[in-house]
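# Observations on the model geometry
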Amino acid sequence: MKAAQFAGYEIREVSVPQTGDNDVLVKVGNAGFCHTDYQVWKGGNGSPYPIVPSHEPVGTVVAVGPAAQAKWKVDYRVGVILFRHACKTCIGCETTEDIRYCANRDMAGLTADGARSPLMCAGATVWAGLHEAKVEPSQPIGVIGIGGLGSLAVQLAKAVGHPVVAIDNRPERRELGTEFPLKADLVVDSQDSEAIAKCVPLGVPTRGCQFNSFDLIFKTLTIKGSLAANRIQTEEMSKTVAKFNIRSHVTTIPLGKVPDVTDLYMDPHLKGRLVMNIES
Ligand SMILES: [Zn+2]
Ligand SMILES: [Zn+2]
(Lines give C-alpha, C1' and ligand atoms only; values in the text may rest on other atoms or scores of the structure.)
(Ligands and ions follow the chains in the order given, each with its own letter.)
Protein backbone atom coordinates (compact mmCIF):
# COMPACT_ATOMS: atom_id res chain seq x y z
CA MET A 1 0.00 0.00 0.00
CA LYS A 2 1.02 3.66 -0.31
CA ALA A 3 1.66 5.78 2.80
CA ALA A 4 3.25 9.10 3.68
CA GLN A 5 6.28 8.37 5.80
CA PHE A 6 8.79 10.42 7.81
CA ALA A 7 11.62 11.41 7.88
CA GLY A 8 10.65 14.12 5.48
CA TYR A 9 7.15 13.64 4.10
CA GLU A 10 7.64 11.09 1.33
CA ILE A 11 5.21 8.74 -0.38
CA ARG A 12 6.56 5.20 -0.11
CA GLU A 13 5.38 1.64 -0.53
CA VAL A 14 4.98 0.05 2.92
CA SER A 15 3.58 -3.32 3.92
CA VAL A 16 -0.05 -3.57 5.03
CA PRO A 17 -0.15 -3.91 8.87
CA GLN A 18 -1.01 -7.32 10.34
CA THR A 19 -4.45 -7.47 11.97
CA GLY A 20 -4.15 -8.77 15.55
CA ASP A 21 -6.89 -10.66 17.41
CA ASN A 22 -8.45 -7.47 18.83
CA ASP A 23 -7.61 -5.20 15.89
CA VAL A 24 -9.49 -3.81 12.94
CA LEU A 25 -7.63 -2.79 9.81
CA VAL A 26 -8.82 0.57 8.46
CA LYS A 27 -8.29 1.76 4.88
CA VAL A 28 -7.71 5.46 5.46
CA GLY A 29 -9.72 7.88 3.32
CA ASN A 30 -8.66 11.20 4.87
CA ALA A 31 -6.17 12.12 7.56
CA GLY A 32 -5.97 15.50 9.28
CA PHE A 33 -2.66 17.30 9.78
CA CYS A 34 -2.32 18.41 13.39
CA HIS A 35 0.30 20.62 15.03
CA THR A 36 1.51 17.48 16.80
CA ASP A 37 2.33 16.01 13.38
CA TYR A 38 4.39 19.10 12.67
CA GLN A 39 6.23 18.59 15.98
CA VAL A 40 6.86 14.92 15.16
CA TRP A 41 8.25 16.00 11.77
CA LYS A 42 10.53 18.51 13.53
CA GLY A 43 11.76 15.71 15.79
CA GLY A 44 10.47 17.22 19.03
CA ASN A 45 8.58 14.16 20.24
CA GLY A 46 11.34 11.57 20.11
CA SER A 47 9.21 9.48 17.75
CA PRO A 48 10.84 6.48 16.05
CA TYR A 49 11.67 6.97 12.36
CA PRO A 50 10.57 6.06 9.81
CA ILE A 51 6.96 6.45 10.94
CA VAL A 52 3.62 6.84 9.15
CA PRO A 53 2.30 10.11 10.61
CA SER A 54 -1.13 11.47 11.56
CA HIS A 55 -3.39 10.54 14.43
CA GLU A 56 -6.58 11.83 12.84
CA PRO A 57 -7.74 9.34 10.17
CA VAL A 58 -11.20 8.38 9.01
CA GLY A 59 -11.76 5.46 6.70
CA THR A 60 -13.37 2.09 6.12
CA VAL A 61 -12.84 -1.18 7.98
CA VAL A 62 -11.34 -3.75 5.60
CA ALA A 63 -10.40 -6.56 8.03
CA VAL A 64 -11.47 -7.54 11.56
CA GLY A 65 -9.51 -9.67 14.04
CA PRO A 66 -11.31 -12.75 15.44
CA ALA A 67 -11.90 -11.27 18.92
CA ALA A 68 -13.31 -8.01 17.51
CA GLN A 69 -15.91 -9.49 15.17
CA ALA A 70 -18.83 -9.21 17.61
CA LYS A 71 -18.60 -5.41 17.46
CA TRP A 72 -16.94 -4.55 14.16
CA LYS A 73 -17.73 -5.45 10.56
CA VAL A 74 -15.98 -4.93 7.25
CA ASP A 75 -17.22 -1.76 5.46
CA TYR A 76 -17.99 0.15 8.68
CA ARG A 77 -17.06 3.82 8.29
CA VAL A 78 -14.91 4.74 11.28
CA GLY A 79 -12.85 7.50 12.84
CA VAL A 80 -9.82 6.50 14.87
CA ILE A 81 -8.67 8.04 18.15
CA LEU A 82 -5.06 8.70 19.09
CA PHE A 83 -4.66 5.93 21.68
CA ARG A 84 -4.67 2.20 21.04
CA HIS A 85 -3.52 -1.16 22.40
CA ALA A 86 -4.21 -0.60 26.12
CA CYS A 87 -2.41 -3.32 28.06
CA LYS A 88 -5.29 -3.86 30.58
CA THR A 89 -2.75 -4.84 33.24
CA CYS A 90 -0.88 -1.66 34.29
CA ILE A 91 -1.92 0.51 37.25
CA GLY A 92 -3.43 3.12 34.91
CA CYS A 93 -5.60 0.50 33.17
CA GLU A 94 -6.66 -1.21 36.39
CA THR A 95 -7.58 1.96 38.27
CA THR A 96 -9.15 4.09 35.52
CA GLU A 97 -10.12 1.76 32.62
CA ASP A 98 -9.27 4.82 30.51
CA ILE A 99 -6.77 4.12 27.72
CA ARG A 100 -5.29 7.62 28.05
CA TYR A 101 -3.68 6.57 31.34
CA CYS A 102 -2.28 3.21 30.20
CA ALA A 103 1.49 3.21 30.64
CA ASN A 104 1.98 0.85 27.69
CA ARG A 105 -0.41 2.15 25.03
CA ASP A 106 0.56 3.17 21.50
CA MET A 107 -0.15 6.63 20.16
CA ALA A 108 -0.87 6.50 16.43
CA GLY A 109 1.51 8.66 14.44
CA LEU A 110 3.59 9.49 17.54
CA THR A 111 4.95 6.26 18.98
CA ALA A 112 3.85 3.92 16.19
CA ASP A 113 2.54 4.16 12.63
CA GLY A 114 -0.69 6.13 12.46
CA ALA A 115 -2.55 7.83 9.86
CA ARG A 116 -7.36 10.61 11.45
CA SER A 117 -9.98 13.68 10.34
CA PRO A 118 -10.37 16.97 12.16
CA LEU A 119 -12.98 15.62 14.57
CA MET A 120 -10.92 12.69 15.79
CA CYS A 121 -8.14 14.81 17.30
CA ALA A 122 -9.21 18.47 17.14
CA GLY A 123 -12.89 17.89 17.99
CA ALA A 124 -12.22 15.22 20.60
CA THR A 125 -9.44 17.23 22.26
CA VAL A 126 -11.50 20.40 22.69
CA TRP A 127 -14.54 18.40 23.82
CA ALA A 128 -12.50 16.78 26.59
CA GLY A 129 -10.94 20.18 27.41
CA LEU A 130 -14.40 21.74 27.84
CA HIS A 131 -15.27 18.99 30.31
CA GLU A 132 -11.97 19.29 32.17
CA ALA A 133 -12.70 23.02 32.63
CA LYS A 134 -15.86 22.10 34.58
CA VAL A 135 -17.49 25.44 33.79
CA GLU A 136 -21.27 25.68 34.18
CA PRO A 137 -23.01 25.84 30.77
CA SER A 138 -24.32 29.36 31.41
CA GLN A 139 -20.81 30.67 32.17
CA PRO A 140 -18.70 32.25 29.40
CA ILE A 141 -15.75 30.51 27.77
CA GLY A 142 -12.90 32.19 25.94
CA VAL A 143 -11.25 30.27 23.10
CA ILE A 144 -7.72 31.48 22.43
CA GLY A 145 -6.58 30.53 18.92
CA ILE A 146 -9.29 29.94 16.31
CA GLY A 147 -7.57 27.33 14.18
CA GLY A 148 -8.47 23.69 13.58
CA LEU A 149 -9.22 23.10 17.26
CA GLY A 150 -10.46 26.56 18.21
CA SER A 151 -13.15 26.81 15.51
CA LEU A 152 -14.58 23.50 16.73
CA ALA A 153 -14.25 24.62 20.37
CA VAL A 154 -16.36 27.72 19.62
CA GLN A 155 -19.15 25.59 18.12
CA LEU A 156 -19.02 22.80 20.72
CA ALA A 157 -19.04 25.31 23.60
CA LYS A 158 -22.03 27.08 22.03
CA ALA A 159 -23.77 23.73 21.55
CA VAL A 160 -23.64 22.99 25.27
CA GLY A 161 -24.82 26.48 26.23
CA HIS A 162 -21.76 28.64 26.92
CA PRO A 163 -21.50 32.25 25.78
CA VAL A 164 -18.23 32.23 23.78
CA VAL A 165 -15.50 34.78 23.15
CA ALA A 166 -13.22 33.90 20.20
CA ILE A 167 -9.72 35.35 20.49
CA ASP A 168 -7.04 35.37 17.78
CA ASN A 169 -4.49 37.77 16.33
CA ARG A 170 -4.89 36.66 12.68
CA PRO A 171 -7.82 38.01 10.63
CA GLU A 172 -8.35 34.71 8.74
CA ARG A 173 -8.77 32.91 12.02
CA ARG A 174 -11.05 35.51 13.58
CA GLU A 175 -13.35 34.98 10.58
CA LEU A 176 -13.66 31.34 11.61
CA GLY A 177 -15.21 32.44 14.92
CA THR A 178 -18.40 33.41 13.08
CA GLU A 179 -18.20 31.32 9.89
CA PHE A 180 -20.62 28.61 10.99
CA PRO A 181 -24.20 28.72 12.32
CA LEU A 182 -22.99 28.35 15.94
CA LYS A 183 -21.09 31.65 16.13
CA ALA A 184 -18.96 33.17 18.86
CA ASP A 185 -20.81 35.90 20.76
CA LEU A 186 -17.75 38.13 20.66
CA VAL A 187 -14.61 38.03 18.49
CA VAL A 188 -11.53 39.72 19.90
CA ASP A 189 -8.24 40.63 18.19
CA SER A 190 -5.61 40.14 20.84
CA GLN A 191 -2.06 38.89 21.18
CA ASP A 192 -2.16 39.30 24.90
CA SER A 193 -5.14 37.35 26.11
CA GLU A 194 -5.42 36.63 29.78
CA ALA A 195 -7.34 33.97 31.61
CA ILE A 196 -9.84 35.15 34.17
CA ALA A 197 -10.58 32.03 36.19
CA LYS A 198 -9.62 28.68 34.63
CA CYS A 199 -7.27 27.96 31.78
CA VAL A 200 -7.08 24.59 29.99
CA PRO A 201 -4.07 24.70 27.64
CA LEU A 202 -4.50 22.17 24.82
CA GLY A 203 -1.36 22.85 22.80
CA VAL A 204 1.94 21.20 23.68
CA PRO A 205 4.70 23.74 22.97
CA THR A 206 8.05 21.95 23.02
CA ARG A 207 9.54 24.70 25.20
CA GLY A 208 6.75 24.36 27.76
CA CYS A 209 4.12 26.84 28.91
CA GLN A 210 4.85 30.05 30.79
CA PHE A 211 2.40 31.75 33.11
CA ASN A 212 2.65 34.96 35.04
CA SER A 213 3.06 33.84 38.64
CA PHE A 214 1.59 37.09 40.00
CA ASP A 215 -1.55 36.61 37.93
CA LEU A 216 -1.71 32.98 39.03
CA ILE A 217 -1.64 33.93 42.72
CA PHE A 218 -3.39 37.30 42.82
CA LYS A 219 -6.18 36.32 40.42
CA THR A 220 -6.41 32.82 41.98
CA LEU A 221 -6.25 31.24 38.53
CA THR A 222 -6.61 27.53 37.84
CA ILE A 223 -4.53 25.92 35.09
CA LYS A 224 -5.81 22.47 34.20
CA GLY A 225 -4.27 19.87 31.90
CA SER A 226 -6.38 17.84 29.48
CA LEU A 227 -5.10 14.86 27.48
CA ALA A 228 -6.79 14.43 24.07
CA ALA A 229 -9.92 12.28 24.60
CA ASN A 230 -10.93 8.70 25.21
CA ARG A 231 -13.38 6.68 23.12
CA ILE A 232 -16.46 7.55 25.20
CA GLN A 233 -15.71 11.29 25.06
CA THR A 234 -15.08 11.04 21.32
CA GLU A 235 -18.44 9.32 20.81
CA GLU A 236 -20.21 12.06 22.87
CA MET A 237 -18.45 14.70 20.79
CA SER A 238 -19.46 12.99 17.52
CA LYS A 239 -23.14 12.92 18.59
CA THR A 240 -23.01 16.64 19.49
CA VAL A 241 -21.40 17.44 16.13
CA ALA A 242 -24.18 15.56 14.30
CA LYS A 243 -26.99 17.06 16.42
CA PHE A 244 -25.84 20.68 16.02
CA ASN A 245 -24.45 20.39 12.47
CA ILE A 246 -21.00 21.48 13.65
CA ARG A 247 -18.49 21.85 10.85
CA SER A 248 -14.77 22.20 10.22
CA HIS A 249 -13.17 24.56 7.75
CA VAL A 250 -10.84 22.21 5.88
CA THR A 251 -8.33 22.55 3.08
CA THR A 252 -7.95 19.15 1.43
CA ILE A 253 -4.78 18.16 -0.38
CA PRO A 254 -4.29 15.05 -2.55
CA LEU A 255 -1.75 12.37 -1.64
CA GLY A 256 0.66 13.67 -4.30
CA LYS A 257 0.88 17.04 -2.49
CA VAL A 258 1.57 15.48 0.92
CA PRO A 259 5.35 16.09 0.66
CA ASP A 260 4.47 19.84 0.76
CA VAL A 261 2.20 19.52 3.80
CA THR A 262 4.57 21.09 6.33
CA ASP A 263 5.07 24.18 4.12
CA LEU A 264 1.31 24.48 3.58
CA TYR A 265 0.74 24.10 7.32
CA MET A 266 3.15 26.94 8.15
CA ASP A 267 1.40 29.41 5.79
CA PRO A 268 0.34 32.20 8.20
CA HIS A 269 -2.86 32.67 6.16
CA LEU A 270 -3.92 29.02 6.47
CA LYS A 271 -7.49 28.86 7.71
CA GLY A 272 -8.85 25.84 9.61
CA ARG A 273 -7.50 22.33 9.19
CA LEU A 274 -5.33 20.70 6.53
CA VAL A 275 -6.64 17.27 5.53
CA MET A 276 -4.68 14.79 3.43
CA ASN A 277 -6.86 12.80 1.03
CA ILE A 278 -5.17 9.42 1.01
CA GLU A 279 -7.54 7.84 -1.54
CA SER A 280 -6.65 10.36 -4.27
ZN1 LIG B 1 -3.71 16.21 17.11
ZN1 LIG C 1 -2.16 -0.33 30.64
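Because the structure is predicted, anything quoted here is derived from the model rather than measured.

Here we come to the coordination of the zinc ion (ligand 2). Here the zinc ion (ligand 2) is held by the protein donor atoms Cys 87 (SG), Cys 90 (SG), Cys 93 (SG) and Cys 102 (SG), which lie 2.3 to 2.4 Å from it. Bound by 4 donor atoms, the zinc ion (ligand 2) shows angles of 99 to 120° at the metal and therefore tetrahedral coordination geometry. When the donors of the zinc ion (ligand 2) are listed by position in the chain, the intervening gaps give C-x2-C-x2-C-x8-C. Among the residues examined, Cys 87 registers a relative accessible area of 24% and is labelled partly exposed.

Our focus in this paragraph is a nonpolar patch on the surface. A surface patch of nonpolar side chains, about 640 Å² in accessible area, is lined by Phe 211, Phe 214, Leu 216, Ile 217, Phe 218 and Ile 223. Mapped onto the secondary structure, Leu 216 falls in helix H6 (residues 213-218). Note on Leu 216: relative accessible area 30%, which makes it partly exposed.

Let's shift gears to the pattern of salt bridges. Under the counting rule described, the total for this entry stands at 13 salt bridges. Across the pair Lys 271 and Glu 175 runs a salt bridge whose closest N-O atoms are separated by 2.8 Å. Of the two residues, Lys 271 sits in the loop between helix H8 (261-265) and strand S14 (273-277) while Glu 175 sits in helix H5 (residues 171-176), which places them 96 residues apart along the sequence. Residues Lys 219 and Asp 215 are paired through a salt bridge, measuring 3.8 Å at the closest nitrogen-oxygen approach. A single salt-bridge network, built from bridges that share partners, covers Glu 175, Glu 179 and Lys 271.

A few words on the coordination of the zinc ion (ligand 1). Distances from the zinc ion (ligand 1) to its protein donors, Cys 34 (SG), His 55 (NE2) and Cys 121 (SG), fall within 2.0 to 2.2 Å. Placement of the pair is Cys 34 in the loop between strand S3 (24-33) and helix H1 (35-42) and His 55 in the loop between H1 and strand S4 (57-64), with a sequence separation of 21 residues. His 55 shares its class with Cys 34; the two are buried.

The rules behind each value
Residues numbered from 1 in each chain as written. Chains lettered and ligands numbered in written order. Predicted model: local features only at pLDDT ≥ 70, side-chain atom pairs only at ≥ 80, totals over all residues. Heavy atoms only, no water. Donors = N, O, S within 2.8 Å, 3.2 Å for Na, K, Ca; no water. Tetrahedral: all angles 85-135°; square planar, octahedral: opposite > 155°, others 65-115°. Buried < 20%, exposed > 50% of the residue type's maximum accessible area, 1.4 Å probe, protein only. Patch = residues over 30% accessible without salt bridge, like charges linked within 9 Å, V, L, I, M, F, W, Y side chains within 5 Å. Areas by Shrake-Rupley, 256 points an atom, 1.4 Å probe, with all protein chains shown as cover. Salt bridge = Lys/Arg side-chain N within 4 Å of Asp/Glu carboxyl O. Helix = DSSP H or I, 4+ residues; strand = E, 2+ residues; numbered from the N terminus.

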